[in-house]
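Architecture and fold: a report
Single-letter residue listing:
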Amino acid sequence: MNSLKGKSLLALVDYTPEEIRYLLDLSRTVKEERRSGKRPQRFKGLTLAMLFEKRSTRTRAAFETAFGEEGGHPVFLSTADIQLGAKETVEDTARVLGRMFDIIEYRGFLHETAEKLAGHAGIPVINGLTDRWHPTQALADLMTIEEHAGNLAGVRSVFIGDGRNNVSSSLIVAAGAMGLDHYVITPPELAPDPALLKTVAERQDYSGSVTVLHDPSDLPGGAAVVYTDVWISMGEEESSRERTETLRPYQVTGDLMNRAPSAIFLHCLPAVRGNEMTAEVIDGPASRVWDQAENRKHTIKAVMLAGLGLS
Ligand code: CP
Ligand code: NVA
């Protein structure tokens, strides 16, 4: 798809539903290729800079293996080791990396850092999570939901927990873009940004709906997906005790899943058993979290192929 060549992925709101559909279809193709043992060398001779300010298992592993197994050279650059933001401005780092690499992944705190990198590198920058967004996660979430439900339009999904965090915000956009009937069940003080809800509601090209509720007992009937995330996101550890108290009534339990008998359980991981969900839920028959984690790799590969003009 021509419109994606050279394009950064900082937030899904910057992509049209057609572009998201293209990436999901490409993700399915690359998943099938890998399952059938094919390893086309589409990234041969190319380099990926992987900038990490925060910890990661899935995102790092997905970028590194997806790029490496197709002949590319991924370079892990922890911000504990490089100059970014410490001895050198983000803009200068971006200019230098742009001269040496073909594509950049960035995981960190400030979304503005991702924007500065994309504004000055001259090559595509893929957001591997910031405080505001986690767009590659939302692509894997959509892929996993579609694998389960067979489609996306009209699928009823429920996110329970910290409704204003990066994962919930990205899922709200993903759901709005792809026509889901999405619910966020969250305490009033952790409700999604009203400006984000307005954007999603007013986008002419979006066909989904987003409803915010505050009482877990209002879980809508017919949910196909129940999704949660950690109660304490990276960088918010100081509000840990208070947040845990606030979110305790929002724990996903076996009883709650029984009220959504056709629903799969999703979680971006890492998960804290006994906080956002009980062990019986994440380790139980409705859980699809390992498929969801695997799909990080396929969706990230698709994003890189499209951004590099290789799809
Ligand atoms: N879901 C996710 O982003 O996992 P990591 O923090 O392990 O990368
Ligand atoms: N909301 C979580 C997601 C981790 C993948 C965080 O930002 O820590």
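Scroll up a little and you will see the structure.
Residues numbered from 1 in each chain as written. Chains lettered and ligands numbered in written order. Predicted model: local features only at pLDDT ≥ 70, side-chain atom pairs only at ≥ 80, totals over all residues. Heavy atoms only, no water.

1. Structural notes on the environment of R203
To keep it simple, the criterion reads: A run of H or I in DSSP counts as a helix once it spans at least four residues, and a run of E counts as a strand once it spans at least two, with each numbered from the N terminus. It only takes one pair of heavy atoms within 4.5 Å for two residues to be counted as in contact. In protein, a polar contact requires one atom able to donate a hydrogen and another able to accept it; more generally it is a pair of N or O atoms within 3.5 Å, and residues adjacent in sequence count only if both atoms are side-chain atoms.
In this fold, R203 is placed in the loop between α7 (194–202) and β7 (209–213). A sequence separation of 190 residues divides R203 from V13, and the C-alpha atoms of the two residues are 9.6 Å apart. Not counting residues up to four positions away in its chain, the partners in contact with R203 are V13, Y15, T16 and P17. A distance of 2.8 Å separates a polar atom in the side chain of R203 from the backbone oxygen of V13.

2. Remarks on the site of ligand 1
Convention followed: The cutoff for a nearby residue is simple: one of its non-hydrogen atoms must lie within 4 Å of the molecule or strand. Each accessible area is a Shrake-Rupley estimate made with a 1.4 Å probe; only the visible protein chains count as cover when residues are assessed. Put simply, Ala, Val, Leu, Ile, Met, Phe, Trp, Tyr, Cys and Pro go in the nonpolar bin, Asp, Glu, Lys and Arg in the charged bin, and everything else, Gly too, in the polar bin.
Close to ligand 1 lie S56, T57, R58, T59, R107, H134, Q137, C268, L269, P270 and R296. Between ligand 1 and S56 there is a distance of 2.6 Å, counted from an oxygen atom to a side-chain nitrogen or oxygen. Here ligand 1, which alone exposes 260 Å², has 95% of that area covered by the protein. In the shell around ligand 1, the residues fall into 3 nonpolar, 5 polar and 3 charged.

3. Comments concerning unusual backbone geometry
Going from L269 to P270, the amide bond is cis rather than trans, its omega being 5 degrees. Counting through the fold element by element, P270 comes out in the loop between β9 (264–267) and α10 (279–282). Even without being a glycine, L129 presents a positive backbone phi close to 125 degrees. You can see L129 is positioned in the loop between β4 (125–127) and α5 (135–149).

4. Thoughts on the pairing of strand β1 (residues 47–52)
The criterion, for reference: The classification of residues rests on relative accessible area computed with a 1.4 Å probe and restricted to protein chains. Under 20% of the type maximum is buried, over 50% is exposed, and intermediate values are partly exposed. A crossover counts as right-handed when, viewed with the strands pointing away from the observer, the path leading from the first strand over the helix to the second turns clockwise. When DSSP finds at least two bridges between two strands, those strands are taken to pair.
With respect to burial, β1 is a largely interior element, 6 of its 6 residues being buried. Residues of β1 alternate between two faces, with T47, A49 and L51 on one and L48, M50 and F52 on the opposite face, all of them buried. Following the chain from β1 across helix α2 (residues 58–68) to the adjacent parallel strand β2 (residues 73–78), one finds a crossover that is right-handed. Pairing geometry for β1 and strand β3 (residues 103–107), over 5 bridges, is parallel. Note on β3: the bridge partner recorded for F52 is R107.

5. Things to note about the side chain of S157
The residue S157 is located in strand β5 (residues 156–160) in this model. The class of S157 is buried, set by a relative accessible area of 4%. For S157, the side chain forms a polar contact with the side chain of H182, separated by 2.7 Å. With near-sequence residues (within four places) excluded, S157 lies in contact with L180, D181, H182, Y183 and V225.

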